[in-house]
Amino acid sequence: MRKVDHVPDLAEAAALERRRYRELQRQSRVFDARTRIIGVDLEGLDAQVNDKRIQDATRRAWDDSIAAEMKQNDKVMCILDQRQKKDTVMTEKALNEFRQSYQQPETRREFDLSDPQSLKKGMPARMADSDPRCTASGLQKFMGEDLNSENRKKYQQEQTREWLLEQQKDWTNALADRKFADGLHDTHRLELDQKAMDLQRRDEETRRAICVATKEFNRNQAIESEEKRKLEKQQELEDGIAEISNMLKGDLLSENPQQAVSSFASHRVITDRWKGMTQDQLKEIRDVQLQQVLEKLRLEEEECQRKAEWDRRRIQAARAELLYERHQQRQNRELRRALDNLNAQLSQDQKKSANLIQTAKVQVQYSGPGISKAPELELF
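Residues numbered from 1 in each chain as written. Predicted model: local features only at pLDDT ≥ 70, side-chain atom pairs only at ≥ 80, totals over all residues. Heavy atoms only, no water.

Considering the overall build of the protein
A tally of regular secondary structure across the protein gives 7 helices and 0 strands. Overall, the protein shows an N-to-C arrangement of helices and strands of α-α-α-α-α-α-α. Per-residue burial over the protein gives 6% buried out of 380 residues. Counted over contacts in the protein with a minimum sequence separation of 6, partners at least 24 positions apart contribute 41%. Per element, the accessible surface of the protein, about 34800 Å² overall, is 55% carbon and sulfur. (Helix = DSSP H or I, 4+ residues; strand = E, 2+ residues; numbered from the N terminus. Buried < 20%, exposed > 50% of the residue type's maximum accessible area, 1.4 Å probe, protein only. Contact = heavy atoms within 4.5 Å. Areas by Shrake-Rupley, 256 points an atom, 1.4 Å probe, with all protein chains shown as cover.)

Topic: the packing of aromatic side chains
Tallied over the full model, the rule gives 1 aromatic pair. Aromatic side chains Phe98 and Tyr102 sit 5.0 Å apart centroid to centroid with 45 degrees between the ring planes, which places their arrangement in the tilted category. Placement of the pair is Phe98 and Tyr102 together in helix α3 (residues 42-102), with a separation of 4 residues, close to one helical turn. For Phe98, a relative accessible area of 36% corresponds to the partly exposed category. Take Tyr102: its relative accessible area is 27%, and that puts it in the partly exposed class. Its guanidinium or amino end placed over the ring of Trp310, Arg313 lies 5.8 Å from that ring's centre, counting from NZ or CZ. (Phe/Tyr/Trp six-rings, centres within 6.5 Å; stacked < 30°, edge-to-face > 60°. Lys NZ or Arg CZ within 6 Å of the ring centre and 35° of its normal.)

Thoughts on the side chain of Arg83
Within the secondary structure layout, Arg83 lies in helix α3. Excluding anything up to four places from it in sequence, Arg83 contacts His188, Arg189, Leu192 and Asp193.

A closer look at a positive patch on the surface
On the surface, Arg18, Arg19, Arg20 and Arg22 cluster together to form a positively charged patch. With a relative accessible area of 45%, Arg19 lands in the partly exposed category. (Patch = residues over 30% accessible without salt bridge, like charges linked within 9 Å, V, L, I, M, F, W, Y side chains within 5 Å. Salt bridge = Lys/Arg side-chain N within 4 Å of Asp/Glu carboxyl O. Lys, Arg positive; Asp, Glu negative; His and termini not counted. Charge placed at Lys NZ, Arg CZ, Asp CG, Glu CD.)

A word on the pattern of salt bridges
By the definition in use, this model includes 20 salt bridges. One salt bridge connects Glu158 with Arg161, and the closest N-O pair in it is separated by 2.4 Å. Taken together, the residues span about one helical turn, with Glu158 and Arg161 both in helix α5 (residues 149-249) at a distance of 3 residues. Given the relative accessible area of 33%, Glu158 is considered partly exposed. Across the salt bridge formed by Glu226 and Arg229, the nearest N and O atoms sit 2.4 Å from each other. Taken as a pair, Glu226 and Arg229 lie in helix α5 at a separation of 3 residues, close to a single helical turn. Look at Arg229 and you get partly exposed, because its relative accessible area is 44%.

Concerning the side chain of Gln221
With respect to the helices and strands, the residue Gln221 is situated in helix α5. In this structure Gln221 touches Asn50 and Ile54, once residues within four positions along its chain are discounted.

Brief notes about the confidence of the model for the protein
When pLDDT is averaged along the protein, the result is 81, and 81% of the positions lie at 70 or above. Between residues 369-380, whose pLDDT stays under 50, and residues either more than four places distant or in other chains, the model counts 3 contacts. (pLDDT = per-residue confidence, 0-100.)

The following block contains the structure:
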């Protein structure tokens, strides 16, 4: 048969090692005279308090870092929100100024068609005979007569030139305003970027300070833990020496029977100190057991007698019931016999009555008309 190499289970080995370590700690607490007398694990409580302090300090540092990061994010969001609001306000303001400056209703070409003041600005229907608005029905102006065409063309050209100059000027001003607004926007953006960089630098400095403080705290904790471990080792060595001395001089190795007596009651013992029962205690237990055996035998004998009595009574009751049933059957047979006799007698009487009736009917049939009828028989 091939031999298979056994691979140890690391988890099982670690669990076994933990159980051994806990057992050693329990034994150290049990055999520690000072802990056994006081009944409080001061070292465990101090360790728990120390761990709680470390956890609180770590949680506070983590909360402070999270709070600083949240503050930075809030500041950045506020700065971006302010920047967006300011850009929106400036854009709307520039749009309104442009509309007020370059998009007035009076500058539209078709404004004269929808001008509400057109009637007030208009001229009367006729001011003179040479009025160019006179119609053909007035016979004052005919087709082809356009005396002011040259002046009108010059005026239109001048007006077009002025419009172009005005549009060019407006375009130049708009470009200058756009460049100025872009410059202001770039300046404001640089300021915001600088503020964001300052906030990030402060955040990094805060984080570095937190890391330094955490490292310093951890180093102090490590030094304190090392010193505490040395003190615990020294204390454990001294407690071991004291325990060995107490064990050698105590009642445990000397097997003093009084050490097992409990302080709560005289009949109770301490299991880890009890060395067994004495001869008197064993004799008392044997006597009690013998009495229990005799008592059990007596109870069993009484139970057997009780069962025998119940069996006897049950047999007597069954016998009496059987006799009663036989007597009842005998009476039923006698009643049946009497009833059969009565029925037979009644049957004979009925047959006799039937024969008499039949005889009477035959006599009536063979008798003549003058023969009187025989008297009817009364049947009972």
